[in-house]
Every structure is written in C-alpha cells, then in structure tokens.
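Single-letter residue listing:
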Amino acid sequence: MRKIFLIFRKDFLVEWRSKQIFPTMFVFSLLLLLIFNVAFEFRSDINFRAVSAVIWITFIFSGLLALGRSFSLEKENNAFAFLLLTPVSRSCIYLGKLLSNVVMVLLSELFILPLFLLFFLLNAKGISLSLTGEILPFLGVVVLGTIGFVSLGTFFSSMALNTKLRDMMLPLLVFPLIIPVVITSVGICSSILEGKPFGYYAFSLQVLVSFDIIFILLCSILFEYLIEDSGD
Amino acid sequence: MRKILFFLTFALMVLATWMTLFYAPTEIVMGHVQRIFYFHMGTVWAATVAFTVVFVASIYYLVKETAKWDTLAYCSAEIGMLLLTLTIITGSIWAKPVWGTWWTWDPQLTTTFILWVLYAVYLVLRSGAGGRGKKARYSAIFAIIAYVDLPVVYVSARIKRGISPVVFGPGGGGIDPAMMHTLLVTLLGFTLLFVLLLGERRRIMNMENALYARGGRGG
C-alpha cells in the first residue's frame, strides 16, 4: 500500500513541478467543449442525453491525451527501467500509476465541470441543480467512470508506447473496450440531469462499478506479463 | 486424418445447404428469407468458438511462452474475423425484409459489431506491434482483456431494450423439429469448417515460419 502511494507521489510531484500535462489537458478539453457547442448550437431546449455525451467525450478524449503522456515521460532517460529495478512488484507499479493518473485526470475534470455547467446547463429549461439531488451523484459518476476508462487507458498506454504505431495505437486499443463505461456513464448522467429516481439507473451503476473492479484486477494481474522484458 | 476431415466437412456443408434450401419448412411469417438464418447462426457460432480459441490460446501463450500457442491464436482470430463478417452480412440481408432496416443498434448487434472491431484491432495490433515476441505477448494480453470485456459490453448494451429474436431459453418460441435438425447440421458443419480452416491456416503459418527460420527475407 505504501509502495503504491510512493509511486503515486513520484508521478504527482513530477507533474506538479513540470506542469506539462495538466494545462494541455485543460485547454484541450476547453476546445472540445467549444467545438461541441458551435457544432450542436444548444439553446435552452437542451437534450440531456446529448449534453451528457458531450461531457463524457470531452473527458475521455482529453484523458487519453494525458495518459499517452504518462508513460512517455518514463521513456525519457530510460526512467522506467530504473523503476522496474526497485523492489516493487509490477502490480504495485500499475496501481501507483493508475492512482496518479486518476487523480490527475479527475483534477482537470474538476476544472472543466464548472465551465461545462456554464456553457451547457445554466440556461437549460427544466433543470434543477441541488447539491445532494444532482451535483453530488453527478460527481460520483464522474469519479467511477473516470476510474473505468483510466484503468484500461493506463494499462494500454504502456503497451501502445512500445509498438511501432505509438500514440496512434492507444485510442484504437482503448475505445472499443471502454464502450460499457461510455454507455453507463452517459446514461446515468443524463438520468440524473433529467431528475430520474435512483432506481432508474441503479442497474447501470452496478455495471459501471463491476467494470471498474473487473478491469483494475485484470490489468494489475496482466501488467506482470506486459512489461516482462523491456528489451525488445 | 486431414483428408477425412476435409471430406466430412464437405459432405456436411453440402447436406446443410440442401437441408436449408429444401428440407426445412418455410417459415410462415418471414417466408423464404428466414432460411438464411441457418447460415447466420452457423457463422456466428463458429466465430464465437474462434474467439474462445483465441482467448484460451492467449492464456496458454502467456503462461508457456511457446510460439505454437501464438500461431493458434492468430490463425483462429483471422478465421473468426472472416466468419463474423459473414454473420453481419447474412444478418443484414435477413434484417432488411424482416425488420425493414439493414442495421439497428440492438444489444446483440452492438455486441457483434464491437466483437468485430475488437478482432480488427487485434489484427492491427499484430501488424503494428514490432518484434515477434512483443507482438505475441501484446496481442495475447489484448485478446484476454477483450474476451472479458465482451460480456460486460453485452450487459451494458442491454440496458436499452433489444429486438433481436430470442429463439431459445425463457421467452423463446421454440421451433419446428425439421428446422431444429437443419440448424444442428448447419452448426456442426460450420464447426468442422472452422476446425478444417484452422488446421490449414496453421500449416501455412508453420511453413512461413520455417521459411523465415531458414533465413529467408523477413517481412
């Protein structure tokens, strides 16, 4: 547990001091929101499903951008080889990386959400935003969905970097696999915005949580095989 | 052995074609177009078997690291891709007159489509991974994750209700015995066809590998 935290701290400090990924992600998300806004021309008659889709597409695209970066930093000066030399199991490295990626992606999402609110939801008809009714459940889904796509994203970014196609490979590998996250997260978010009762989206929530658990476990097991020898 | 399998597959496929066209009764509502369903089911069944073979062979590869498991997984994935493409085409031909559309995002169709994309990514990953050992390991890992992912995709796609027919199990209508015979023969025929193709593909792969090993030009 402590080892996971140490790797998390290392990655977080690197980002904190270099400030490379975070601003890029933020500006990229902002641009995506802008593009969606001019493309859809939302007025007050907002389709909650479409708005939820907008925010999740923004999160996933900008998130993958950051994840592609997280392992390429390790490639510089061959830092990853030294990380492997430390007396830490591979699963721990994966979990530490996962934790730092989740925190970083969540932080940038936290900055994007108020703007999303301002651009898309504030003048929407038939919306009531209360802290316990909508905002907290919404944030909860954001956390769960982010864990879902970052778990596979972290895993495959280390794989994609070692292929010939590099960054091109990452979305190809991750997008088809995270379809359940997209379906459930967008579904739950739009249900919340529409003011549906909890029972309406409880099943989706179960699927989302199971997705998170299944793939964190599977990825931390398979990570041992993924980086067996960084030689080839 | 190879010859026996070949003739058995050939005979069964001819029999399946004959049964599909003449032996099976015409479905009352859908008419003759329903007959394509036997081959639709045959291909999707064999594609599922192929995907499972890829999954099992990938696990074996990660544990044992012998090249033959990787070859098996790759050959199976290739044939599975072919069979699944046929599934989607036959399904589309069936759906146009019956549902009035070539394609719809019903859970079964969504899942089939994603399975097809996963096969495609698997093959792309193999062509773009790099060295042989890395290629084998990465594609094996991807195959395992994809296989586990697929049921989750199906469950999440089912949150929206579907219209694909459920023939068996609770809620299924049950079918005419003659139709059942036809279906069983077709399923068996396609299973044998898959085994035959897999064997042949592996022979070709092994020949290729042997040629490379002899110092032929790498490709």
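Structure: see above.
Residues numbered from 1 in each chain as written. Chains lettered and ligands numbered in written order. Predicted model: local features only at pLDDT ≥ 70, side-chain atom pairs only at ≥ 80, totals over all residues. Heavy atoms only, no water.

1. Observations regarding the side chain of His40 of chain B
All names here are of chain B. Along the chain, His40 falls in helix α2 (residues 36–64). With a relative accessible area of 17%, His40 lands in the buried category. Within the structure, the side chain of His40 is placed 3.0 Å from the backbone oxygen of Thr87, a separation counted as a polar contact. Residues within four places of His40 in sequence aside, it is in contact with Thr87, Thr90 and Gly91. (Helix = DSSP H or I, 4+ residues; strand = E, 2+ residues; numbered from the N terminus. Buried < 20%, exposed > 50% of the residue type's maximum accessible area, 1.4 Å probe, protein only. Polar contact = N/O pair within 3.5 Å; in protein donor to acceptor, adjacent residues only side chain to side chain. Contact = heavy atoms within 4.5 Å.)

2. Description of the interface of chain A and chain B
On the side of chain B, 29 residues touch chain A, which itself brings 31 residues to the contact. At the boundary of chain A with chain B, total buried surface from both sides reaches about 2700 Å², with 75% on carbon and sulfur atoms. Where chain A touches chain B, the interface holds zero salt bridges. Our count for the chain A to chain B interface comes out at three residue pairs in polar contact (both at pLDDT 80 or more). (Buried area = accessible area lost by both parts, 1.4 Å probe. Salt bridge = Lys/Arg side-chain N within 4 Å of Asp/Glu carboxyl O.)

3. Comments concerning a nonpolar patch on the surface
All names here are of chain A. Residues Leu117, Leu118, Phe119, Leu122, Leu129, Leu131, Ile135 and Leu136 make up a contiguous nonpolar surface patch of about 690 Å² in total accessible area. Secondary-structure elements contributing two or more residues to the nonpolar patch are α5 (90–121) and α6 (131–161). Overall, Leu129 belongs to the partly exposed group, its relative accessible area being 35%. (Patch = residues over 30% accessible without salt bridge, like charges linked within 9 Å, V, L, I, M, F, W, Y side chains within 5 Å. Areas by Shrake-Rupley, 256 points an atom, 1.4 Å probe, with all protein chains shown as cover.)

4. Comments concerning the nonpolar core
Soluble, globular proteins show a tendency: their nonpolar side chains are buried together. In terms of nonpolar packing, the biggest core is built from 113 residues, with Phe155 and Phe156 of chain A together with Phe142 and Ile145 of chain B touching the most fellow members. Core analysis: the next-biggest nonpolar cluster, separate from the first, contains seven residues, Leu5, Met19, Val185 and Leu196 of chain B among them. (Core = buried A, V, L, I, M, F, W, Y, C linked by side-chain atoms within 4.5 Å.)

5. A short note on the side chain of Ser139 of chain B
Within the secondary structure, Ser139 of chain B sits in helix α5 (residues 132–157). With sequence-adjacent residues up to four places away left out, Ser139 of chain B is seen in contact with Asp70, Tyr122, Leu125 and Arg126 of chain B.

6. What about the pattern of salt bridges?
Residue and element names in this part refer to chain B. Enumeration over the complete set of coordinates arrives at four salt bridges over all chains. With a closest N to O distance of 2.7 Å, Glu200 and Arg2 form a salt bridge. Taken together, the residues Glu200 in helix α6 (residues 177–213) and Arg2 in helix α1 (residues 2–23) connect sequence positions 198 residues apart. With a relative accessible area of 24%, Glu200 lands in the partly exposed category. Arg126 serves as the salt-bridge partner of Asp70, at 3.1 Å between the closest nitrogen and oxygen. On the criterion of sequence distance, the pair formed by Asp70 in helix α3 (residues 67–99) and Arg126 in helix α4 (residues 107–128) is long-range, its members being 56 residues apart.

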